[in-house]
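Understanding the architecture of this molecule
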Amino acid sequence: MGQPLITDLFGAGATFSGSPKVLQIPLTALPALTGANPTPLEIYAAVVATAHTWLNANTDASVLAASDLTNNAPIARNGTPKTQFQYAVKFYGNYAAPTFDPNSI
């Protein structure tokens, strides 16, 4: 399996240029976006949803990240019932046994 490509996490058409370091994500690369003028929060949510979809479909141990989605409803937000979509993203690195150090407390 291996690590995801830029297009896997940011959608078809997304590119990364090494010099200067620029990530470009065309709004058409994010299938969850349907409005003509999305807000920055909607764009961010679409990036999260796109990455979650790929990570959820590619659970091989060689992929060093995983994503879980939890829905909670109703949740009161400013006194109004809402549905909460909570994404939990986990990243994996090399294992180092934790050591308890009383001096760091």
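First things first, this report covers the structure right here in the doc. Since we're looking at a predicted model, the values are computed, not measured. (Residues numbered from 1 in each chain as written. Predicted model: local features only at pLDDT ≥ 70, side-chain atom pairs only at ≥ 80, totals over all residues. Heavy atoms only, no water.)

Regarding helix H2 (residues 40-57)
Defined as follows: A helix here means a DSSP run of H or I that spans at least four residues, while a strand means a run of E at least two residues long, and both kinds are numbered starting from the N terminus. Residue count minus one, scaled by 1.5 Å, sets the expected span of a helix. A 1.4 Å probe rolled over the protein chains alone gives each residue an accessible area, and that area as a share of the maximum for its type sets the label: buried under 20%, exposed over 50%, partly exposed in between.
Its 18 residues give H2 an end-to-end C-alpha distance of 26 Å, which sits within 8% of 26 Å, the value for a rise of 1.5 Å per residue. Among the residues making up H2, those that are buried are Ala 46, Val 47, Ala 49, Thr 50, Ala 51, His 52, Trp 54 and Leu 55.

Side note on a nonpolar patch on the surface
Inclusion rule: Any residue with relative accessible area above 30% and no salt bridge may belong to a patch, with like charges joined within 9 Å and the nonpolar Val, Leu, Ile, Met, Phe, Trp and Tyr side chains within 5 Å. The protein chains shown are the only cover counted for residues, whose accessible areas, like all others here, come from Shrake-Rupley with a 1.4 Å probe. Note on definitions: salt bridges are taken to be side-chain nitrogens of Lys or Arg within 4 Å of carboxyl oxygens of Asp or Glu.
On the surface, Leu 69, Phe 85, Tyr 87, Val 89 and Phe 91 cluster together into a nonpolar patch covering about 520 Å² of accessible area. Of note, Phe 91 is situated in strand S4 (residues 80-91).

Notes on the pairing of strand S1 (residues 15-18)
Convention followed: Note on pairing: two strands pair once DSSP finds at least 2 bridges between them.
As defined by bridge partners, S1 adjoins strand S2 (residues 21-24) across four bridges and the pair is classed as antiparallel. Looking at S2, one finds that Ser 17 is bridged to Val 22. Following S1, the chain reverses through two residues before pairing antiparallel with S2.

A look at the side chain of Thr 50
What counts here: Each polar contact in these results corresponds to two N or O atoms within 3.5 Å; when the atoms are within protein, one needs to be able to donate a hydrogen and the other to accept it, and residues that are neighboring in sequence are counted only if both atoms are side-chain atoms. We call two residues contacting when some pair of their heavy atoms lies within 4.5 Å.
Take Thr 50: it is sitting in helix H2. Judged by relative accessible area, which is 11%, Thr 50 ranks as buried. One polar contact links the side chain of Thr 50 to the main-chain carbonyl oxygen of Ala 46, over a distance of 2.8 Å. If sequence neighbours within four positions are ignored, Thr 50 has contacts with Asp 8, Leu 9, Phe 10, Gly 11, Leu 30 and Pro 31.

Description of the nonpolar core
Our working definition: Here, the term nonpolar core denotes a set of buried Ala, Val, Leu, Ile, Met, Phe, Trp, Tyr and Cys residues that are joined through side-chain atoms within 4.5 Å.
Ranked by size, the top nonpolar core spans six residues in total: Leu 9, Ala 51, Trp 54, Leu 55, Val 63 and Ala 65. The element contributing the most residues to this core is H2, with three residues. Sequence-distant contacts of Leu 55, defined by excluding residues within four places in its chain, comprise Leu 9, Val 63, Ala 65, Ala 66 and Ser 67.

Quick word on the environment of Trp 54
You can see Trp 54 is positioned in helix H2. Sequence separation of Trp 54 and Asp 8 is 46 residues, and the distance between their C-alpha atoms is 6.3 Å. At 3.5 Å, the side chain of Trp 54 and the side chain of Asp 8 are in polar contact.

A word on unusual backbone geometry
Across the junction of Ser 19 and Pro 20, the peptide omega takes the value -5 degrees, indicating a cis bond. Following the sequence through the fold, Pro 20 ends up in the loop between S1 and S2. For the bond running from Ala 73 to Pro 74, omega is -10 degrees, close enough to zero to count as cis. A positive phi angle is found at Asn 78, which is not glycine, with a value near 55 degrees.

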